[in-house]
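The lines below spell out each chain.
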Amino acid sequence: MSITTSLSSQDLMHYEDRYGAHNYHPIPVVLSKGDGVYVWDVEGKKYFDFLSAYSAINQGHCHPRIISTLKKQAEELTLTSRAFYNDQLGKYEKYITEYFGFDKVLPMNSGAEAVETAIKICRKWGYEKKGIAHGEALIIVCGENFHGRTTTIISFSSDPDARGNFGPYTPGFVSVPYDDIDTLGEVFAQQGKYIAGLLVEPIQGEAGVNVPGDDFIPRCAQLCAEHNILFIADEIQTGIARTGSLLAVCGNCTCEHACERGATYTRPDILILGKALSGGTYPVSAVLADDSIMEVITPGTHGSTYGGNPLACAVAMTALDVVVDEKLAQNARYLGAIFRERMQILVEKYNIVRSVRGKGLLNAILINDQPSSSTAWDICIQLAENGLLAKPTHGNIIRFAPPLVISEEELHQCCDIIEKVLSNYSDEP
Ligand SMILES: *Cc1c(COP(=O)(O)O)cnc(C)c1O
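The structure reproduced in this document is the subject of the present report. (Residues numbered from 1 in each chain as written. Predicted model: local features only at pLDDT ≥ 70, side-chain atom pairs only at ≥ 80, totals over all residues. Heavy atoms only, no water.)

### Some details on the site of the ligand
For step 1, the next point in the chain: Near the ligand the following residues occur: Ser110, Gly111, Ala112, Phe146, His147, Gly148, Glu201, Asp234, Ile236, Gln237 and Lys275.
For step 2, the next point in the chain: At a separation of 2.8 Å, an oxygen atom of the ligand approaches a polar backbone atom of alanine 112.
For step 3, the next point in the chain: One nitrogen or oxygen atom from the side chain of aspartate 234 is found 2.7 Å from a nitrogen atom belonging to the ligand.
For step 4, the next point in the chain: Coverage of the ligand by the protein amounts to 80% of the 380 Å² it exposes when considered alone.
For step 5, the next point in the chain: Each residue belonging to the shell around the ligand can be placed in one class, and the counts come to 3 nonpolar, 5 polar and 3 charged. (Near = heavy atom within 4 Å. Polar contact = N/O pair within 3.5 Å; in protein donor to acceptor, adjacent residues only side chain to side chain. Areas by Shrake-Rupley, 256 points an atom, 1.4 Å probe, with all protein chains shown as cover. Nonpolar A, V, L, I, M, F, W, Y, C, P; charged D, E, K, R; others polar.)

As C-alpha coordinates, this is what we get:
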(Lines give C-alpha, C1' and ligand atoms only; values in the text may rest on other atoms or scores of the structure.)
Protein backbone atom coordinates (compact mmCIF):
# COMPACT_ATOMS: atom_id res chain seq x y z
CA MET A 1 0.00 0.00 0.00
CA SER A 2 2.06 2.89 -1.31
CA ILE A 3 -0.39 5.46 0.07
CA THR A 4 0.01 4.43 3.69
CA THR A 5 3.78 3.93 3.55
CA SER A 6 4.27 7.45 2.25
CA LEU A 7 2.52 9.08 5.20
CA SER A 8 4.83 11.21 7.33
CA SER A 9 5.10 11.15 11.11
CA GLN A 10 3.05 14.34 11.17
CA ASP A 11 0.27 12.75 9.11
CA LEU A 12 0.20 9.63 11.25
CA MET A 13 0.12 11.57 14.50
CA HIS A 14 -2.70 13.63 13.08
CA TYR A 15 -4.64 10.44 12.28
CA GLU A 16 -4.26 9.18 15.82
CA ASP A 17 -5.33 12.52 17.17
CA ARG A 18 -8.28 12.81 14.82
CA TYR A 19 -9.59 9.23 14.83
CA GLY A 20 -8.35 7.67 18.07
CA ALA A 21 -9.65 8.18 21.59
CA HIS A 22 -7.29 10.41 23.55
CA ASN A 23 -6.48 7.97 26.31
CA TYR A 24 -2.69 8.43 25.92
CA HIS A 25 -0.33 11.36 25.49
CA PRO A 26 2.60 9.90 23.50
CA ILE A 27 6.05 11.35 22.95
CA PRO A 28 5.80 12.64 19.35
CA VAL A 29 7.68 9.91 17.48
CA VAL A 30 6.05 7.44 15.08
CA LEU A 31 7.83 4.11 15.07
CA SER A 32 7.74 1.63 12.23
CA LYS A 33 10.58 -0.80 12.93
CA GLY A 34 12.32 -2.44 15.88
CA ASP A 35 15.35 -4.68 16.32
CA GLY A 36 16.85 -5.52 19.71
CA VAL A 37 17.42 -2.32 21.65
CA TYR A 38 16.72 -0.12 18.61
CA VAL A 39 13.58 1.33 17.03
CA TRP A 40 13.25 3.48 13.91
CA ASP A 41 10.68 6.12 13.08
CA VAL A 42 8.93 6.37 9.73
CA GLU A 43 11.53 8.90 8.53
CA GLY A 44 14.26 6.37 9.31
CA LYS A 45 15.70 8.00 12.43
CA LYS A 46 17.15 5.42 14.84
CA TYR A 47 16.56 5.45 18.60
CA PHE A 48 17.47 3.46 21.68
CA ASP A 49 14.24 2.24 23.27
CA PHE A 50 14.57 3.07 26.96
CA LEU A 51 10.99 2.18 27.88
CA SER A 52 10.69 -1.31 26.35
CA ALA A 53 6.90 -0.97 26.16
CA TYR A 54 6.73 -0.73 29.94
CA SER A 55 9.02 -3.78 30.26
CA ALA A 56 7.15 -6.00 27.79
CA ILE A 57 10.18 -6.01 25.46
CA ASN A 58 12.75 -7.42 27.91
CA GLN A 59 14.00 -9.79 25.19
CA GLY A 60 14.46 -6.92 22.70
CA HIS A 61 12.35 -5.93 19.70
CA CYS A 62 11.46 -8.67 17.23
CA HIS A 63 13.70 -11.27 18.84
CA PRO A 64 14.47 -13.69 15.98
CA ARG A 65 13.73 -16.84 17.99
CA ILE A 66 10.43 -15.51 19.31
CA ILE A 67 9.37 -14.24 15.89
CA SER A 68 10.28 -17.56 14.34
CA THR A 69 8.05 -19.41 16.83
CA LEU A 70 5.28 -16.87 16.27
CA LYS A 71 5.39 -17.37 12.49
CA LYS A 72 5.65 -21.13 12.71
CA GLN A 73 2.77 -21.51 15.15
CA ALA A 74 0.66 -18.95 13.25
CA GLU A 75 0.81 -21.23 10.23
CA GLU A 76 -0.28 -24.29 12.23
CA LEU A 77 -3.01 -23.31 14.68
CA THR A 78 -3.85 -20.04 16.41
CA LEU A 79 -7.05 -20.45 18.40
CA THR A 80 -9.27 -23.32 19.44
CA SER A 81 -10.97 -21.79 22.48
CA ARG A 82 -10.95 -23.89 25.61
CA ALA A 83 -13.96 -25.83 24.39
CA PHE A 84 -11.32 -28.24 23.04
CA TYR A 85 -7.79 -29.22 24.00
CA ASN A 86 -4.89 -27.95 21.90
CA ASP A 87 -1.42 -29.41 21.46
CA GLN A 88 0.47 -26.40 22.91
CA LEU A 89 -1.41 -25.58 26.13
CA GLY A 90 -0.47 -28.66 28.15
CA LYS A 91 3.19 -28.37 27.14
CA TYR A 92 3.20 -24.70 28.06
CA GLU A 93 1.48 -25.33 31.41
CA LYS A 94 4.09 -27.95 32.30
CA TYR A 95 6.87 -25.66 31.14
CA ILE A 96 5.80 -22.48 32.96
CA THR A 97 4.86 -24.16 36.23
CA GLU A 98 8.26 -25.89 36.37
CA TYR A 99 10.00 -22.67 35.35
CA PHE A 100 8.46 -20.65 38.19
CA GLY A 101 7.94 -23.46 40.69
CA PHE A 102 4.15 -23.64 41.13
CA ASP A 103 1.65 -26.51 40.82
CA LYS A 104 -0.71 -24.80 38.40
CA VAL A 105 -1.14 -21.91 35.96
CA LEU A 106 -4.25 -20.12 34.75
CA PRO A 107 -3.52 -18.52 31.35
CA MET A 108 -4.98 -15.15 30.39
CA ASN A 109 -4.11 -12.38 27.90
CA SER A 110 -3.63 -8.88 29.29
CA GLY A 111 -2.07 -7.96 32.60
CA ALA A 112 -5.29 -6.46 33.96
CA GLU A 113 -7.13 -9.71 33.21
CA ALA A 114 -4.52 -11.65 35.13
CA VAL A 115 -4.91 -9.30 38.11
CA GLU A 116 -8.71 -9.73 37.91
CA THR A 117 -8.16 -13.49 37.82
CA ALA A 118 -5.95 -13.36 40.91
CA ILE A 119 -8.58 -11.29 42.74
CA LYS A 120 -11.28 -13.81 41.88
CA ILE A 121 -9.16 -16.79 42.96
CA CYS A 122 -8.25 -15.00 46.17
CA ARG A 123 -11.82 -14.12 47.09
CA LYS A 124 -13.08 -17.61 46.30
CA TRP A 125 -10.27 -19.11 48.39
CA GLY A 126 -11.23 -16.70 51.19
CA TYR A 127 -14.79 -18.05 51.30
CA GLU A 128 -14.18 -21.71 50.53
CA LYS A 129 -10.87 -22.34 52.33
CA LYS A 130 -10.43 -19.66 54.94
CA GLY A 131 -14.12 -19.56 55.86
CA ILE A 132 -14.71 -15.83 55.55
CA ALA A 133 -18.43 -14.99 55.84
CA HIS A 134 -20.11 -14.57 52.47
CA GLY A 135 -19.53 -11.15 50.90
CA GLU A 136 -17.11 -10.02 53.63
CA ALA A 137 -13.72 -10.80 52.05
CA LEU A 138 -11.16 -8.00 51.95
CA ILE A 139 -8.05 -7.63 49.84
CA ILE A 140 -5.32 -5.30 51.05
CA VAL A 141 -3.57 -3.17 48.43
CA CYS A 142 -0.91 -0.44 48.59
CA GLY A 143 -1.12 3.30 48.02
CA GLU A 144 0.05 4.48 44.58
CA ASN A 145 -0.43 0.99 43.18
CA PHE A 146 -0.82 0.26 39.50
CA HIS A 147 -2.50 -3.03 38.64
CA GLY A 148 -4.39 -2.20 35.43
CA ARG A 149 -7.46 -0.44 34.12
CA THR A 150 -10.61 -2.48 34.76
CA THR A 151 -13.42 -0.98 36.83
CA THR A 152 -12.55 -3.22 39.79
CA ILE A 153 -8.83 -2.50 39.61
CA ILE A 154 -9.23 1.27 39.34
CA SER A 155 -11.58 1.07 42.33
CA PHE A 156 -8.50 0.64 44.53
CA SER A 157 -6.22 3.06 42.66
CA SER A 158 -5.13 6.25 44.39
CA ASP A 159 -4.59 8.07 41.08
CA PRO A 160 -7.42 10.59 40.48
CA ASP A 161 -7.04 10.30 36.68
CA ALA A 162 -7.27 6.52 36.82
CA ARG A 163 -10.42 6.46 38.97
CA GLY A 164 -12.21 9.80 38.55
CA ASN A 165 -15.81 9.48 37.32
CA PHE A 166 -15.54 5.74 36.76
CA GLY A 167 -17.58 4.83 39.87
CA PRO A 168 -19.50 3.25 41.48
CA TYR A 169 -16.43 1.46 42.76
CA THR A 170 -15.98 -2.20 43.63
CA PRO A 171 -15.92 -2.59 47.42
CA GLY A 172 -13.74 -4.99 49.38
CA PHE A 173 -10.32 -3.35 49.06
CA VAL A 174 -8.35 -1.62 51.80
CA SER A 175 -5.30 0.46 50.95
CA VAL A 176 -2.25 0.80 53.18
CA PRO A 177 0.86 2.92 52.47
CA TYR A 178 3.52 1.13 50.41
CA ASP A 179 6.62 -0.08 52.27
CA ASP A 180 4.95 0.45 55.66
CA ILE A 181 5.06 -2.92 57.36
CA ASP A 182 3.85 -1.56 60.73
CA THR A 183 0.57 -0.25 59.31
CA LEU A 184 0.11 -3.50 57.42
CA GLY A 185 0.66 -5.45 60.65
CA GLU A 186 -1.96 -3.32 62.44
CA VAL A 187 -4.53 -3.82 59.67
CA PHE A 188 -3.89 -7.58 59.71
CA ALA A 189 -4.19 -7.66 63.52
CA GLN A 190 -7.49 -5.76 63.45
CA GLN A 191 -9.20 -7.28 60.42
CA GLY A 192 -7.17 -10.43 59.67
CA LYS A 193 -10.09 -12.83 59.76
CA TYR A 194 -11.80 -10.91 56.93
CA ILE A 195 -8.65 -10.52 54.85
CA ALA A 196 -8.23 -13.00 52.01
CA GLY A 197 -5.18 -11.51 50.31
CA LEU A 198 -2.49 -8.87 50.06
CA LEU A 199 -1.85 -7.63 46.51
CA VAL A 200 1.58 -5.99 46.07
CA GLU A 201 4.02 -4.87 43.40
CA PRO A 202 7.51 -5.87 44.64
CA ILE A 203 8.70 -2.58 43.11
CA GLN A 204 6.08 -0.01 42.10
CA GLY A 205 6.80 0.63 38.42
CA GLU A 206 4.12 3.08 37.34
CA ALA A 207 4.39 5.02 40.59
CA GLY A 208 7.91 5.95 39.46
CA VAL A 209 10.05 2.94 40.35
CA ASN A 210 9.44 2.95 44.10
CA VAL A 211 11.84 0.41 45.55
CA PRO A 212 10.80 -0.71 49.03
CA GLY A 213 13.25 -1.54 51.81
CA ASP A 214 14.94 -4.94 51.46
CA ASP A 215 12.84 -6.55 54.17
CA PHE A 216 9.41 -5.23 53.08
CA ILE A 217 8.52 -8.07 50.71
CA PRO A 218 9.82 -10.91 52.95
CA ARG A 219 7.95 -9.39 55.89
CA CYS A 220 4.74 -9.04 53.85
CA ALA A 221 4.96 -12.75 53.06
CA GLN A 222 5.70 -13.62 56.66
CA LEU A 223 2.76 -11.56 57.99
CA CYS A 224 0.48 -13.16 55.40
CA ALA A 225 1.56 -16.64 56.50
CA GLU A 226 0.92 -15.78 60.15
CA HIS A 227 -2.63 -14.57 59.41
CA ASN A 228 -3.58 -17.16 56.77
CA ILE A 229 -3.72 -14.45 54.09
CA LEU A 230 -2.66 -15.03 50.47
CA PHE A 231 0.42 -13.08 49.42
CA ILE A 232 -0.20 -12.01 45.82
CA ALA A 233 2.75 -10.59 43.87
CA ASP A 234 1.98 -8.54 40.76
CA GLU A 235 5.20 -9.06 38.79
CA ILE A 236 3.74 -7.99 35.46
CA GLN A 237 6.34 -5.22 35.17
CA THR A 238 9.06 -6.36 37.59
CA GLY A 239 9.15 -10.04 36.66
CA ILE A 240 10.97 -12.00 33.97
CA ALA A 241 14.51 -10.73 34.63
CA ARG A 242 13.77 -6.98 34.60
CA THR A 243 15.11 -6.27 38.09
CA GLY A 244 18.19 -8.47 37.84
CA SER A 245 16.66 -11.70 39.04
CA LEU A 246 13.99 -13.86 37.46
CA LEU A 247 11.38 -12.29 39.75
CA ALA A 248 11.69 -9.20 41.91
CA VAL A 249 10.53 -11.29 44.89
CA CYS A 250 13.75 -13.29 44.44
CA GLY A 251 15.51 -10.39 46.14
CA ASN A 252 19.19 -10.84 45.41
CA CYS A 253 19.05 -14.49 44.48
CA THR A 254 20.93 -15.11 41.23
CA CYS A 255 19.73 -18.54 40.18
CA GLU A 256 18.03 -18.77 36.82
CA HIS A 257 14.79 -20.33 37.95
CA ALA A 258 12.55 -19.26 40.80
CA CYS A 259 13.09 -21.79 43.52
CA GLU A 260 12.66 -22.28 47.21
CA ARG A 261 16.36 -22.76 47.82
CA GLY A 262 17.49 -19.17 47.31
CA ALA A 263 17.97 -17.62 50.75
CA THR A 264 16.32 -14.37 49.74
CA TYR A 265 13.47 -15.83 47.70
CA THR A 266 10.05 -14.86 48.97
CA ARG A 267 7.54 -17.22 47.47
CA PRO A 268 4.21 -15.60 46.72
CA ASP A 269 1.03 -17.67 47.14
CA ILE A 270 -0.19 -16.21 43.85
CA LEU A 271 2.18 -14.90 41.16
CA ILE A 272 0.88 -12.65 38.39
CA LEU A 273 2.86 -12.30 35.14
CA GLY A 274 2.26 -10.52 31.84
CA LYS A 275 4.13 -8.10 29.58
CA ALA A 276 7.50 -9.80 28.82
CA LEU A 277 5.91 -13.25 29.03
CA SER A 278 5.62 -13.01 25.24
CA GLY A 279 8.61 -10.74 24.64
CA GLY A 280 6.30 -8.04 23.33
CA THR A 281 4.84 -9.95 20.42
CA TYR A 282 1.44 -10.89 21.69
CA PRO A 283 -0.69 -10.34 24.82
CA VAL A 284 0.04 -13.22 27.17
CA SER A 285 -0.52 -13.17 30.93
CA ALA A 286 -0.63 -15.82 33.61
CA VAL A 287 -1.59 -16.49 37.20
CA LEU A 288 0.39 -19.16 39.04
CA ALA A 289 -0.49 -20.83 42.35
CA ASP A 290 -0.35 -24.19 44.09
CA ASP A 291 -3.18 -26.74 44.04
CA SER A 292 -4.59 -25.86 47.47
CA ILE A 293 -5.38 -22.41 46.06
CA MET A 294 -5.96 -23.03 42.35
CA GLU A 295 -8.43 -25.85 43.03
CA VAL A 296 -11.12 -23.29 43.94
CA ILE A 297 -11.37 -22.70 40.18
CA THR A 298 -13.70 -25.26 38.61
CA PRO A 299 -15.29 -25.49 35.14
CA GLY A 300 -17.48 -22.49 34.45
CA THR A 301 -16.09 -20.28 37.22
CA HIS A 302 -13.60 -18.38 35.07
CA GLY A 303 -12.30 -18.19 31.52
CA SER A 304 -11.29 -16.29 28.42
CA THR A 305 -11.79 -17.09 24.74
CA TYR A 306 -8.16 -16.34 23.90
CA GLY A 307 -6.62 -17.41 27.23
CA GLY A 308 -4.29 -20.38 26.67
CA ASN A 309 -4.46 -20.21 22.89
CA PRO A 310 -1.76 -22.22 21.06
CA LEU A 311 -0.10 -19.15 19.54
CA ALA A 312 0.30 -17.53 22.96
CA CYS A 313 1.55 -20.77 24.53
CA ALA A 314 4.20 -21.39 21.87
CA VAL A 315 5.41 -17.80 21.93
CA ALA A 316 5.62 -17.69 25.74
CA MET A 317 7.75 -20.84 25.92
CA THR A 318 10.29 -19.38 23.50
CA ALA A 319 10.20 -15.98 25.22
CA LEU A 320 11.01 -17.64 28.57
CA ASP A 321 13.71 -19.82 26.95
CA VAL A 322 15.40 -16.66 25.66
CA VAL A 323 15.48 -15.18 29.18
CA VAL A 324 17.51 -18.12 30.48
CA ASP A 325 19.60 -18.83 27.37
CA GLU A 326 20.72 -15.21 27.02
CA LYS A 327 21.21 -14.74 30.76
CA LEU A 328 19.02 -11.64 30.77
CA ALA A 329 18.65 -11.49 34.55
CA GLN A 330 22.42 -11.53 34.99
CA ASN A 331 22.82 -8.86 32.30
CA ALA A 332 20.15 -6.68 33.92
CA ARG A 333 21.83 -7.02 37.29
CA TYR A 334 25.32 -6.23 35.97
CA LEU A 335 24.34 -3.33 33.71
CA GLY A 336 21.82 -1.91 36.19
CA ALA A 337 24.58 -1.29 38.70
CA ILE A 338 26.68 0.47 36.04
CA PHE A 339 23.70 2.56 34.97
CA ARG A 340 22.93 3.76 38.49
CA GLU A 341 26.62 4.53 39.07
CA ARG A 342 26.70 6.72 35.97
CA MET A 343 23.42 8.43 36.93
CA GLN A 344 24.73 9.02 40.45
CA ILE A 345 27.61 11.00 38.94
CA LEU A 346 25.02 13.19 37.19
CA VAL A 347 23.09 13.63 40.44
CA GLU A 348 26.24 15.02 42.01
CA LYS A 349 27.22 17.12 39.01
CA TYR A 350 23.96 18.68 37.84
CA ASN A 351 21.20 20.37 39.79
CA ILE A 352 18.54 19.22 37.38
CA VAL A 353 18.62 15.61 38.57
CA ARG A 354 17.83 15.03 42.20
CA SER A 355 18.27 11.27 42.57
CA VAL A 356 18.39 7.90 40.84
CA ARG A 357 16.71 4.74 42.07
CA GLY A 358 15.88 1.28 40.85
CA LYS A 359 16.97 -2.29 40.62
CA GLY A 360 18.43 -4.22 37.71
CA LEU A 361 17.40 -2.37 34.54
CA LEU A 362 14.24 -0.88 36.06
CA ASN A 363 15.41 2.58 37.08
CA ALA A 364 14.24 6.16 37.31
CA ILE A 365 15.69 9.60 37.84
CA LEU A 366 13.90 12.27 39.77
CA ILE A 367 13.96 15.63 38.03
CA ASN A 368 14.51 18.64 40.26
CA ASP A 369 11.27 20.47 39.48
CA GLN A 370 7.60 20.35 40.46
CA PRO A 371 5.58 17.32 39.28
CA SER A 372 3.29 19.85 37.56
CA SER A 373 6.18 21.33 35.54
CA SER A 374 6.90 20.30 31.97
CA THR A 375 10.64 19.88 32.64
CA ALA A 376 10.74 16.06 32.57
CA TRP A 377 8.61 16.03 29.43
CA ASP A 378 10.91 18.57 27.76
CA ILE A 379 13.93 16.48 28.73
CA CYS A 380 12.32 13.42 27.14
CA ILE A 381 11.74 15.41 23.94
CA GLN A 382 15.44 16.37 23.97
CA LEU A 383 16.42 12.76 24.62
CA ALA A 384 14.33 11.69 21.62
CA GLU A 385 16.05 14.29 19.45
CA ASN A 386 19.34 12.79 20.59
CA GLY A 387 18.20 9.26 19.80
CA LEU A 388 16.88 7.86 23.09
CA LEU A 389 13.22 7.21 23.90
CA ALA A 390 11.90 7.48 27.45
CA LYS A 391 8.76 8.88 29.02
CA PRO A 392 8.04 10.73 32.24
CA THR A 393 5.76 9.27 34.87
CA HIS A 394 4.05 11.32 37.57
CA GLY A 395 5.33 14.57 36.10
CA ASN A 396 8.93 14.81 37.26
CA ILE A 397 10.13 11.20 37.22
CA ILE A 398 11.76 9.64 34.13
CA ARG A 399 11.81 5.84 34.00
CA PHE A 400 14.73 4.18 32.20
CA ALA A 401 14.07 0.55 31.27
CA PRO A 402 15.94 -0.58 28.14
CA PRO A 403 15.56 -4.06 26.66
CA LEU A 404 17.65 -6.48 28.72
CA VAL A 405 19.63 -7.54 25.65
CA ILE A 406 21.48 -4.19 25.71
CA SER A 407 25.28 -4.42 25.74
CA GLU A 408 27.62 -2.60 28.09
CA GLU A 409 28.90 -0.43 25.25
CA GLU A 410 25.37 0.51 24.19
CA LEU A 411 24.46 1.30 27.78
CA HIS A 412 27.41 3.69 28.02
CA GLN A 413 26.33 5.38 24.78
CA CYS A 414 22.89 5.86 26.30
CA CYS A 415 24.33 7.28 29.51
CA ASP A 416 26.33 9.71 27.35
CA ILE A 417 23.11 10.86 25.63
CA ILE A 418 21.36 11.32 28.97
CA GLU A 419 24.34 13.24 30.33
CA LYS A 420 24.48 15.49 27.27
CA VAL A 421 20.80 16.42 27.56
CA LEU A 422 20.86 16.93 31.33
CA SER A 423 23.99 19.05 31.13
CA ASN A 424 22.23 21.37 28.67
CA TYR A 425 19.38 21.76 31.12
CA SER A 426 21.67 22.60 33.95
CA ASP A 427 23.12 25.54 32.04
CA GLU A 428 19.76 27.24 31.91
CA PRO A 429 18.76 29.66 34.67
C1 LIG B 1 1.23 -2.99 33.01
C2 LIG B 1 0.82 -3.48 34.35
C3 LIG B 1 -0.43 -4.05 34.58
C4 LIG B 1 -1.51 -4.10 33.52
O5 LIG B 1 -1.14 -4.82 32.39
P6 LIG B 1 -1.97 -4.59 31.02
O7 LIG B 1 -1.42 -5.64 30.11
O8 LIG B 1 -1.66 -3.20 30.58
O9 LIG B 1 -3.40 -4.78 31.34
C10 LIG B 1 -0.72 -4.54 35.83
N11 LIG B 1 0.18 -4.48 36.84
C12 LIG B 1 1.40 -3.93 36.66
C13 LIG B 1 2.36 -3.90 37.80
C14 LIG B 1 1.76 -3.39 35.43
O15 LIG B 1 2.95 -2.81 35.27
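Next comes the rest of the description.
### Things to note about the sheet that holds strand S6 (residues 173–176)
For step 1, the next point in the chain: Within the open sheet, the 7 strands sit side by side as S4-S10-S9-S8-S7-S5-S6. Their pairing is mixed. The sheet is open, and its two edges are formed by strand S4 (104–108) and S6, each paired on a single side. Taking the axes of each pair of neighbouring strands and ignoring which way they run, one obtains an average angle of 20 degrees across the sheet.
For step 2, the next point in the chain: By the bridge criterion, 4 bridges tie strand S5 (residues 138–142) to S6 in an arrangement that is parallel. In the strand pairing of S6, isoleucine 140 is matched with valine 174.
For step 3, the next point in the chain: Contacts from helix H10 (residues 216–226) reach strand S7 (195–200) and strand S8 (230–234), with the element oriented near 150 degrees to S8. (Pairing = 2+ DSSP bridges. Helix = DSSP H or I, 4+ residues; strand = E, 2+ residues; numbered from the N terminus. Axes fitted to C-alpha atoms, helices over the stretch in contact; angles between N-to-C directions. Contact = heavy atoms within 4.5 Å.)

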